[in-house]
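This is what each chain is made of:
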Amino acid sequence: MKKSLGWLLVVIVLGVAGFAVYLWRQGPTYQPPPMAPAEPPAAAPAPPAASAAPAIKYPVPEQAEKPLPALAQSDPLALNALTEVFGKKARQFFQPEEVIRRIVVTIDNLPRKVVSAQLMPTKPVSGKLRTAGEGEALTLAPENFARYTPFIRLAEMVDAKTFVATYTRLYPLFQQAYRDLGYPDAYFNDRLVAVIDHLLDAPQSEGPIALVQPHVFYRFADPALESLSAGHKLMLRIGNDNAASIKKKLREIRKELVSIPRSG
């Protein structure tokens, strides 16, 4: 287990109109998945038909408002949107550069094994991971869960409709950032809903969570838990009560995301 790094809850609320809880530092810098190499042309008389782009499950309609800035110049707009949603104090928790790109990268990686600490949209949380016992009796201390309480309460006050409206207004920027990761034909809102579903499926802990510390960072002693995705590990690390609050808010957000009225 590695040191907590950012609010997942706010990441999802802002990136997608979701919310955030602190993540642990996770390994190396993010590398976008490589594009599949082009297949050599078949020796057939006619070339194979081009594969169709995957169907969009949850479309976000285009907004008839003034044009958005280019992604590279979108930080002021993104930070202002955070202020509108969370208030002025929210800015202190976020990295001021590449806001949308950081949100998209983090969301995309939550179902994977590693989330990049360098590309998190939030600043590191203060304090250290709290443990209890030692040696084979080393566990994650219940006091550690209290570190997340202020952010859980902030998430609980979030209005899902307001967040989704903000997300919808800025959606073209999220889609562009997602394409830039190496997904030219994929749709970010569909990925977002899939990631929320993944987090909703996160397991609960049964009693104290045993830890080991082979080197600098802590890890789950149970290999089955250690092999979980970064998102599922996060939900375990924040404690069952906090995870239940996050899942409740995620369900509210998901309901709004899949119910966005289609244009036309």
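Here's a quick rundown of the structure. (Residues numbered from 1 in each chain as written. Predicted model: local features only at pLDDT ≥ 70, side-chain atom pairs only at ≥ 80, totals over all residues. Heavy atoms only, no water.)

It is worth spelling out the overall build of the chain at this point. A count of helical and extended segments in the chain gives 10 helices and four strands. Relative to its 264 residues, the chain shows a buried fraction of 47%. Partitioning the intrachain contacts of the chain with sequence separation of at least 6 by distance along the chain shows that 71% fall at a separation of at least 24. Per element, the accessible surface of the chain, about 13800 Å² overall, is 55% carbon and sulfur. (Helix = DSSP H or I, 4+ residues; strand = E, 2+ residues; numbered from the N terminus. Buried < 20%, exposed > 50% of the residue type's maximum accessible area, 1.4 Å probe, protein only. Contact = heavy atoms within 4.5 Å. Areas by Shrake-Rupley, 256 points an atom, 1.4 Å probe, with all protein chains shown as cover.)

Take the pattern of salt bridges next. The full count for this structure, using the stated rule, is eight salt bridges. We note a salt bridge from Arg191 to Asp108, for which the minimum N-O separation is 2.9 Å. Here the residue Arg191 occupies a position in helix 7 (residues 188-200), and Asp108 occupies one in helix 3 (residues 99-109), the gap between them amounting to 83 residues. Like Arg191, the residue Asp108 is buried in the burial classification. Between Glu226 and Arg219 there is a salt bridge whose closest N-O contact spans 3.1 Å. Exposure remark for Glu226: the relative accessible area of 19% places this residue in the buried category. Where salt bridges share partners, they join Asp108, Arg112 and Arg191 into one cluster. (Salt bridge = Lys/Arg side-chain N within 4 Å of Asp/Glu carboxyl O.)

Here the focus is the nonpolar core. Ranked by internal contacts, the top residues of the largest apolar core, which has 53 residues, are Val104, Phe174, Phe188 and Leu257. Counting only elements with at least two residues in this core, the list comes to helix 2 (75-86), helix 3, helix 4 (149-156), helix 5 (160-169), helix 6 (171-180), helix 7, helix 9 (230-237) and helix 10 (240-257). By residue number, the principal contributor to this core is helix 7, which donates seven residues. (Core = buried A, V, L, I, M, F, W, Y, C linked by side-chain atoms within 4.5 Å.)

Looking at the element boundaries, Arg91 is found in the loop between helix 2 and helix 3. For Arg91, a relative accessible area of 36% gives the class partly exposed. Taking the C-alpha atoms as reference, Arg91 lies 9.4 Å from Thr122; in sequence the two are 31 residues apart. In contact with Arg91, not counting residues within four places along its chain, are Leu79, Asn80 and Thr83.

Turning our eyes to something else, we now look at the packing of aromatic side chains. Enumeration over the complete set of coordinates arrives at six aromatic pairs. Taking the centre distance of 5.9 Å and the plane angle of 5° together, the rings of Phe174 and Phe188 count as stacked. Here Phe174 is found in helix 6, whereas its partner Phe188 is found in helix 7, with 14 residues between them in sequence. Across the pair, Phe188 and Phe174 agree in class, each one buried. Pairwise contacts between aromatic rings join Tyr167, Tyr171, Phe174, Tyr178, Tyr183, Tyr187 and Phe188 into one cluster. (Phe/Tyr/Trp six-rings, centres within 6.5 Å; stacked < 30°, edge-to-face > 60°.)

What follows concerns helix 6. If you check which residues of helix 6 are buried, you get Tyr171, Leu173, Phe174, Gln175, Ala177 and Tyr178. Gly182 sits one or two residues past helix 6 and shows a positive phi near 110°.

Looking now at the side chain of Gln175. For Gln175, the location among the structural elements is in helix 6. With sequence-adjacent residues up to four places away left out, Gln175 is seen in contact with Ala186, Tyr187 and Phe188.

The subject of this paragraph is the environment of Ala186. In this structure, Ala186 sits in the loop between helix 6 and helix 7. Through-space distance from the C-alpha of Ala186 to that of Gln175 is 8.7 Å; in sequence the pair is 11 residues apart. Those residues within four positions of Ala186 in sequence are excluded, and the remaining contacts are Gln175 and Tyr178.

Here we come to helix 3. Extensive coverage of helix 3 is indicated by the burial of 10 of its 11 residues. Within the span of helix 3, buried status applies to Val99, Ile100, Arg102, Ile103, Val104, Val105, Thr106, Ile107, Asp108 and Asn109.

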